[in-house]
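Observations on chain architecture
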Amino acid sequence: MKSREQEYRELFMAEALEAYDAMSQHMSVLEKRPGDEAALNEVFRLLHNLKANARAMGYNEIGEVAHRMETIFGQIRSKERPFAGSMVPVLFSGIDVLGGMIRTVGANQALTENLPLIENLDRVIAGEEPVLEEDSEVGSEEDATRKLELSDLVYIPIKKLDHLLNLVGELIIDRDRVLTLAQEVGDPTLLSVTAHLSRLADDLQYSVMDARLVGVGTLFNKFPRVVRDVASAEQKQVELTISGQDIQIDRNILQIITDSLLHLVRNAIGHGLETSEERTKAGKPAIGQLTLSAQTDRDNVLIRITDDGRGIDVERVRRKAVERGVLSRDAASRLSEAEVYTLLFEAGFSTAEQVTEISGRGVGLDVVKLAIDSLGGQLGVESKLGAGTTFTLVLPTSIAVKGALLFELEGHPYALPLMHTDSVVSLQSDRLHVVGGTLLAKVLSENIPVVRLADLLSDHDDALLPADRSKLVGAQDIIITSYNGRKLGLIVDRFLRQQDIVIKPVSQPLDMIDLFGGVTLLGSGQVCLVLDVPALTRLFLARRP
Amino acid sequence: MPENQAADKKTFKAEAPVQLIVFRLGGEEYGIRIEQVKEVTLTPEIARMPKTPPFVKGIANLRGDIIAIIDLEERFRLRSTGNGPLTGSTYTMALEAKDYTIGIIVREVPQPLSLPASSIEKTPEFIQDLNVHDKYIEGIARLDNRIIIVLDMLKLLTPEEIMQLKPKATSSAAAERR
């Protein structure tokens, strides 16, 4: 395993080299068209980022050069002076020196300051003439020794990683089956080979999950801006503290909680924190403190949103619950504090007296709760009246998000993993034929057996009755599944949609029913069973009339 | 009997009372020790799970936990003539079994009841003839003129017992009874 520091250095290198390439390109554009604003802005932005990154990594030598060049480009950009004259060779050599320094970092060598360049840059900034000493020669030498380099990092669309993870999931399922079979056979060679296969599959799964991990910071770092905007709209003074940006979590989990986190932060500023006057009156510092923190806890990641605001008024929540008819006055008064907090996660429950633009848009904490539930995570609240509130999100580090096709059968939603879905067709019943008691559909010149899913899922295990076409009226929505090259059409009541789902295992004691790969919670909080196509196919073969 | 009751009253203050959650199944009152009950809530929306016998009502989302919901009236054939199938708003008691939580559906709000441990008598022999097999019954509690059958949920909800959920097992069991 690479150390965190090494990983960061590689990330820095990749970005810096890319920036260097882009700057060189923009510089040659500027050489031809000194007034090109797009190129000027780009160079300015790249230098600024490079400076920030280099300083964050402790490469101050790079930072110093980039900072001075940024200043000069800032002047050019604001039209204080043109990109012309003696400054041009200085800037060019500056870019070259930066490139050289970046390569030095890549080679893991110590950086040295380039004093003549820095002095020249300072002179240009001050509007003085730089001291040019055979600069062109230095440049050409640099050019001659320059190597073409490709970055050590590749960008991968998350979809490809999702696919990889799905495949690994399938592999794990098959591995378990092979392991069981090998134990049944009992052959020692087979057992040792399957044990090896099993370890490989584990390593592969771990590696793929690891490749999907990103720092929580990728999300957290968007919040200073959000907090600033929300605080100014709410006319509150807020200081945001962020910690634990390095904590690693699956990128899709981060994606799913983005809205929740946004909601909780808005909530904390809108409802949690008081205005400066209120705070001063209550004897608190005028500026409200908001903390976003992440930490690991065994296999989980804890994300906390803490404010030092007014806290949750338990009595008010009780009163609200009674007013809304959620509880009787008697029942409400008996609730413990923790139970009162759970009321906040009920749909449509908001204690905010006035709806503000930022935090009261009818979306309540129930939506946050649902999102966390769908990940198999937990959401907790702690609060002290007058002292503040902390929301804690307990999240799994890694999950398998699977694409699935949602459909309805007898009024309930079901999901079928896309992995096993071949195609989806809608056929008029006269396009279906009965052959030997089984319905056959001709789809793309292939004859595919078709069964009504409702019949297949009936409670008894007897052979299916011979298919009766007269039962089918009108267009039939058919999902064609494919497992091990065997296709099977399932007639369902209605297609719903395609959606990425997180599958939770079915809890005991119902986990012995292998027809279901698990359950998922829909955005509506509805429980949706996820069908297991291999088991369905086996069931169909066993019950075929 | 009057003597017995007097004895009960004497011990009432001396020993720690047993706390039960009492609910109605069919015409009878049943009790579960309060520590086995995780919570009581309005029955959430239940998703029917195919390939399970009718008394498994399905699965439901209880605060993020997906739990099985079962109907004991149906399980023990306690549906008396006066009681139709469960309709309208019902309540679900979430019970903590050994490794999982399971929901039991009931018609009325279950009530807490505190009574002396000595008022729970060991199961008499004749109970064995009833549908509720005696091994689930911890004892019979008598309180004034009420009779409360105290169930041992941990025994009732062991995976072995739930194995009877398997369609094949149920159908053969049903065949035996016929």
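Please refer to the structure higher up on the page.
Below you will find a few notes about this structure. (Residues numbered from 1 in each chain as written. Chains lettered and ligands numbered in written order. Predicted model: local features only at pLDDT ≥ 70, side-chain atom pairs only at ≥ 80, totals over all residues.)

Moving on: the overall build of chain A. In terms of regular secondary structure, chain A is built from 18 helices and 18 strands. A buried classification covers 33% of the 545 residues belonging to chain A. Sequence-distant contacts, at least 24 apart, represent 66% of the contacts inside chain A between residues at least 6 apart. (Helix = DSSP H or I, 4+ residues; strand = E, 2+ residues; numbered from the N terminus. Buried ≥ 20, exposed ≤ 12 C-beta atoms within 10 Å, placed from the backbone. Contact = placed C-beta atoms within 7 Å.)

All names here are of chain A. In the contact formed by helix α11 (residues 251-272) and helix α16 (residues 365-374), the axes pass within 9 Å of each other and the chain directions differ by 150°. Between α11 and α16, the angle falls in the class roughly antiparallel. Note that α11 runs across α16; the crossing there is left-handed. Contacts between α11 and α16 involve Ile256, Ile257, Asp259, Ser260, His263 and Leu264 on the former and, on the latter, Val368, Ala371 and Ile372. Looking at the contact of α11 with α16, its residues break down into six nonpolar, two polar and one charged. (Axes fitted to C-alpha atoms, helices over the stretch in contact; angles between N-to-C directions. Parallel < 35°, antiparallel > 145°, perpendicular 65-115°, else oblique. Left-handed = near helix turned anticlockwise from the far one by under 90°. Nonpolar A, V, L, I, M, F, W, Y, C, P; charged D, E, K, R; others polar.)

Our next topic: the sheet that holds strand β4 (residues 288-297) of chain A. Residue and element names in this part refer to chain A. Strands sit in the order β2-β4-β5-β7-β6 across an open sheet of five strands; the sheet is mixed. Two strands close off the open sheet at either side, each with one partner strand: β2 (238-243) and β6 (378-384). Between one strand axis and the next, the sheet turns by 15° as a mean value, whatever way the strands run. Inspection of the sheet shows β2 paired to β4 by six bridges, in the parallel sense. (Pairing = 2+ DSSP bridges.)

Turning to the sheet that holds strand β11 (residues 432-435) of chain A, a few remarks are in order. The strands that make up a sheet pair up through hydrogen bonds in the backbone, lying either parallel or antiparallel. Residue and element names in this part refer to chain A. Strand order across the open sheet formed by six strands is β10-β14-β15-β13-β12-β11, with mixed pairing between neighbours. Unpaired on one side and paired on the other, β10 (421-428) and β11 mark the two borders of the sheet. Neighbour-to-neighbour, the strand axes of the sheet open up by a mean angle of 35°, direction not taken into account. When strand β12 (residues 438-443) meets strand β13 (residues 446-452), the two strands line up antiparallel, connected through five bridges. Bridging from a neighbouring strand, Leu439 pairs with Val450 of β13. The sheet strands contacting helix α18 (residues 533-543) are β13, β14 (475-483) and β15 (486-492), and the helix crosses β14 at an angle near 105°.

Position of Asp462(A) among the secondary structure elements: in the loop between α17 (453-456) and β14. Each C-alpha atom of the pair Asp462(A) and Arg544(A) lies 9.4 Å from the other, and the pair is 82 residues apart in sequence.

With 118 residues, the main nonpolar core has Ile269(A), Leu529(A), Leu531(A) and Ile59(B) as its most contacted residues. Of the domains in this structure, domain 3 (215-312 + 351-396) and domain 4 (401-543) of chain A are the two that each give at least three residues to this core. Ignoring any residue separated from it by four or fewer positions in sequence, one finds Ile269(A) in contact with Val227(A), Val230(A), Ala231(A), Glu234(A), Lys236(A), Val238(A) and Leu290(A). Formed by 36 residues, the second largest nonpolar core is a distinct cluster that contains Ala16(A), Leu30(A), Leu50(A) and Leu117(A). (Core = buried A, V, L, I, M, F, W, Y, C linked by C-beta atoms within 7 Å. Domains from an automatic or database assignment.)

Now for the interface of chain B and chain A. At the interface, 22 residues of chain B touch 20 residues of chain A. Secondary structure elements with two or more residues in the side of chain B that touches chain A: β5 (56-62), β6 (65-70), α4 (159-162) and α5 (167-177) of chain B. Looking at the side of chain B that touches chain A residue by residue, the classes come out as 14 nonpolar, three polar and five charged.

The first and last C-alpha atoms of helix α4 (residues 87-106) of chain A sit 29 Å apart over 20 residues, in line with the 28 Å expected at 1.5 Å per residue. Asn108(A) sits one or two positions beyond α4(A) and adopts a positive phi of about 65°. (Expected span 1.5 Å × (residues − 1).)

Our next topic: helix α2 (residues 37-57) of chain A. All names here are of chain A. End to end, α2 covers 30 Å across 21 residues, agreeing with the expected 30 Å (1.5 Å per residue, within 8%). Of the residues making up α2, those classed as buried are Ala39, Leu40, Val43, Phe44, Leu46, Leu47, Leu50, Lys51 and Ala54. The buried residues of α2 occupy an angular sector of 165° when the element is viewed end-on, so they sit on one face. In α2, the exposed residues that point more than 90 degrees away from the buried face are Glu37, Ala38 and Ala56. One or two residues past the end of α2 sits Gly58, with phi positive at roughly 85°. (Arc of directions from axis to C-beta.)

This next bit is on the packing of helix α10 (residues 223-234) of chain A against α11(A). Residues and elements named next belong to chain A. Packing of α10 against α11 leaves a shortest axis separation of 10 Å and a crossing angle of 35°. Between α10 and α11 the crossing geometry is right-handed. Facing α10, whose interface residues are Phe223, Val226, Val227, Val230, Ala231 and Glu234, α11 presents Leu262, Val265, Arg266, Ile269 and Gly270. When the residues that make up the contact of α10 with α11 are grouped by side-chain class, the tally is eight nonpolar, one polar and two charged.

Just distances and angles here, no functional claims.
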